[in-house]
Amino acid sequence: MAVVALVAAAAAGFTLGDAPLQLLPQGSGDESPACLDGSPYGLYFVPSLTNSTKWTIFLEGGGWCYDEVDCYNRSKTRLGSSKHFNAKIGCGCMSVNEHGDLDTDCNCLYLPYGDGASFSGYRAKPWPVPGVPGAELYFRGIKNLDAAVEFALKHGMDRATELVVSGSSAGGLSTFLHTDRIVAQARARNPALEKVVSVPVDGFFLDHDNYNHGAYNYTAWMKYIYHMQNLTFGADGGLTAACQQAYPGDEHYCFMSPHMPQFVQTPLFAFNSKFDLWQLQYELQLSPAQWTANASATAAVLRYGDDFLAQFKAVQQNPAHGGFITSCICHGCPVNDLVLDGKNGMQLYADWFYGKVTGGAAFAIDTRRPNGDGTLSKLPGCFPLPPLPPLPPLPSPPLPSPPLPSPPLPSPPLPSPPLPSPP
């Protein structure tokens with residue numbers, strides 16, 4: 001998942017010129033931004049070439065680190081240390097014209113991923129690593145985010161008229177979690193900011209059991225991260241206070257996509273697959289070779305798509321939101337090539353962006369089985385899947401019974417014939 005954002009941006013054709021890494025100062029003591037290894041957090045900024053007042057903030061993805069040892073190992077990579085960040089990275093606008101073409105010029109801020117908890121945790125002091133004497137970790141994700149927004153405000157976002165917050169994969173979860181916080185910071189300094197939208201890409205990760213119903217599952221991982229990185233709900237926290245009140249005793253739910261979108265106030269448009277490739281492998285914990293190995297595994301894959309749509313209703317509750325949900329098996333989906341209701345994903349996003357569709361009409365949802373019942377299996381970007389067995393035919397209704405002869409006494413009425421079973 002580490003490069004999903006970069007790959008998706010390049011595939012969509014909206015990557016702007018490369019920007020150099022800029023490291024942020026660490027002059028605020030224990031509240032300074034930092035990567036897992038304590039190195040300074042950094043970012044990439046591509047300013048507009050035309051003095052545009054449109055802004056995009058893009059949050060990089062790359063999974064999570066699920067315990068201290070995992071985070072320690074991550075701290076030695078580009079996902080946990082600015083010592084390994086790329087020297088340059090491109091950034092791409094997520095503002096769009098009415099035809100569905102992404103803007104080629106804006107002020108674009110690309111936030112690399114250095115904390116392992118979707119820009120959410122904060123501990124003032126270093127955290128020890130069990131079993132590794134002398135090793136320490138810095139959990140400063142929310143401080144990295146706040147410092148990046150402050151950088152943007154000092155570099156022209158205080159004059160912005162439009163702001164799009166987006167992110168892919170774990171950065172898509174970050175987008176669900178933090179857009180309201182970013183918008184609040186921006187509008188506190190720029191009350192004239194007119195249009196704000198949130199565009200999470202591949203960031204709706206289910207609260208779901210694995211195939212074997214084992215304890216080592218995604219929900220348990222996220223709960224451990226919640227406690228390890230000290231995710232909280234105050235000024236130093238990356239989670240929403242309203243969500244905390246909704247889940248007393250289960251506050252870690254507020255770190256999970258299905259449980260918190262009803263608290264998101266910024267209008268959002270979500271891109272996702274209901275058969276997300278990463279989720280099938282790491283949440284359902286079935287490898288592609290197992291998906292059609294037996295009827296039970298195939299049924300579990302199909303049920304995952306149904307469960308996705310059931311949990312995604314939390315997003316659909318808000319009439320200001322919209323979304324494009326495909327059946328293509330993908331993570332970093334080819335939204336320009338996926339068509340629903342006669343339009344590709346970007347065209348449907350543009351219709352929502354300009355208010356041409358609202359409410360239920362703003363959601364385009366593919367109700368078919370994986371890869372559009374097989375029609376998308378050869379589309380680049382959709383993971384190929386062997387043909388699934390055809391759906392069983394609907395049972396025929398019973399033939400009407402012949403009339404009974406009239407008995408001397410009236411008989412009780414016959415029960416009505418059973419209705420045909422639903423598909």
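Residues numbered from 1 in each chain as written. Predicted model: local features only at pLDDT ≥ 70, side-chain atom pairs only at ≥ 80, totals over all residues. Heavy atoms only, no water.

(A) Region of the structure containing the overall build of the protein. Each helix and strand in the protein was counted, giving ten helices and 14 strands. Taking all contacts inside the protein whose residues are at least 6 apart in sequence as the whole, residues at least 24 apart take part in 75%. Only carbon and sulfur atoms are counted for the fraction: they give 58% of the accessible area of the protein, which is about 18,500 Å². (Helix = DSSP H or I, 4+ residues; strand = E, 2+ residues; numbered from the N terminus. Contact = heavy atoms within 4.5 Å. Areas by Shrake-Rupley, 256 points an atom, 1.4 Å probe, with all protein chains shown as cover.)

(B) Spatial organisation of the pairing of strand E2 (residues 42-46). The buried count for E2 comes to five of five residues, which makes it a mostly enclosed element. Here E2 shows no split at all, with Gly 42, Tyr 44 and Val 46 on one side and Leu 43 and Phe 45 on the other all buried. Bridge analysis of strand E1 (residues 19-23) against E2 gives three bridges, and the strand direction is antiparallel. Looking across to E2, one finds that Gln 22 is bridged to Leu 43. Sheet analysis places E2 next to strand E5 (residues 107-111), joined by three bridges and oriented antiparallel. Bridge pairing in E5 places Tyr 44 opposite Tyr 110. (Buried < 20%, exposed > 50% of the residue type's maximum accessible area, 1.4 Å probe, protein only. Pairing = 2+ DSSP bridges.)

(C) The arrangement of the pattern of salt bridges in detail. For the structure on display, the rule yields 13 salt bridges. Note that Asp 30 and Lys 125 form a salt bridge whose closest N and O atoms lie 2.7 Å from each other. Note that Asp 30 is positioned in the loop between E1 and E2 and Lys 125 in the loop between E5 and strand E6 (127-128), a separation of 95 residues in sequence. As a salt-bridge pair, Asp 103 and Lys 54 come within 3.0 Å of each other at their nearest N and O atoms. Here Asp 103, found in the loop between strand E4 (88-89) and E5, pairs with Lys 54, found in strand E3 (residues 54-59); they are 49 residues apart in sequence, far enough to count as distant. For Asp 103, a relative accessible area of 14% corresponds to the buried category. On the accessibility criterion, Lys 54 (26% relative accessible area) is partly exposed. Each of Glu 31, Lys 143 and Asp 236 takes part in one network of salt bridges that share partners. (Salt bridge = Lys/Arg side-chain N within 4 Å of Asp/Glu carboxyl O.)

(D) Summary view of the packing of aromatic side chains. All told, the structure shown has 32 aromatic pairs when counted by the stated rule. Plain terms: the ring middles of Phe 204 and Phe 308 are 5.3 Å apart, the flat faces sit at 70° to each other, and that makes the pair edge-to-face. Highlighted residues: Phe 204 in the loop between strand E9 (195-201) and helix H5 (218-228) and Phe 308 in helix H8 (residues 295-316), separated in sequence by 104 residues. The same class applies to Phe 204 as to Phe 308, namely buried. Following the ring pairs from residue to residue traces out a cluster consisting of Trp 64, Tyr 66, Phe 205, Tyr 216, Tyr 218, Trp 221, Trp 278 and Tyr 282. Taking the ring centre of Trp 127 as reference, the NZ or CZ of Arg 123 above it sits at 3.9 Å. Cation over ring: Lys 195 sits above Phe 353, and NZ or CZ is 4.5 Å from the ring centre. (Phe/Tyr/Trp six-rings, centres within 6.5 Å; stacked < 30°, edge-to-face > 60°. Lys NZ or Arg CZ within 6 Å of the ring centre and 35° of its normal.)

(E) Examining the packing of helix H3 (residues 141-154) against helix H4 (residues 170-189) more closely. Where H3 contacts H4, the axes come no closer than 10 Å and their chain directions differ by 35°. Considering only the axes of H3 and H4, their crossing is right-handed. Contacts from Ile 142, Leu 145, Asp 146, Val 149, Glu 150, Leu 153 and Lys 154 in H3 reach His 178, Arg 181, Ile 182, Gln 185, Ala 186 and Arg 189 in H4. Looking at side-chain class alone, the contact of H3 with H4 contains six nonpolar, two polar and five charged residues. (Axes fitted to C-alpha atoms, helices over the stretch in contact; angles between N-to-C directions. Left-handed = near helix turned anticlockwise from the far one by under 90°. Nonpolar A, V, L, I, M, F, W, Y, C, P; charged D, E, K, R; others polar.)

(F) Representation of the confidence of the model for the protein within the structure. Mean pLDDT over the protein stands at 90; residues scoring 70 or higher make up 88%. Across residues 1-13, where pLDDT falls below 50, the model places 30 contacts with residues more than four positions away in sequence or in other chains. Here residues 397-423 is modelled with pLDDT under 50, and outside its nearest four sequence neighbours on either side it reaches nine contacts, counting other chains as well. (pLDDT = per-residue confidence, 0-100.)

(G) How the structure looks around the nonpolar core. Residues Trp 64, Leu 111, Met 157, Leu 163 and Phe 255 are the most contacted members of the largest nonpolar core, which totals 89 residues. The element contributing the most residues to this core is H3, with eight residues. For Met 157, the contacting residues outside a window of four places in its chain are Trp 55, Ile 57, Val 149, Ala 152, Leu 163, Ala 186 and Asn 190. Counting residues in each nonpolar core, the second largest holds 26 residues, with Phe 269, Cys 333, Leu 338 and Ala 362 among its members. (Core = buried A, V, L, I, M, F, W, Y, C linked by side-chain atoms within 4.5 Å.)

(H) Quick peek at the environment of Asp 158. In this fold, Asp 158 is placed in the loop between H3 and strand E8 (162-168). For Asp 158, a relative accessible area of 30% translates into the label partly exposed. The sequence separation of Asp 158 and Pro 191 amounts to 33 residues, and the corresponding C-alpha distance is 8.7 Å. With near-sequence residues (within four places) excluded, Asp 158 lies in contact with Leu 153, Arg 189 and Asn 190. A distance of 3.5 Å separates a polar atom in the side chain of Asp 158 from a polar atom in the side chain of Arg 159. (Polar contact = N/O pair within 3.5 Å; in protein donor to acceptor, adjacent residues only side chain to side chain.)

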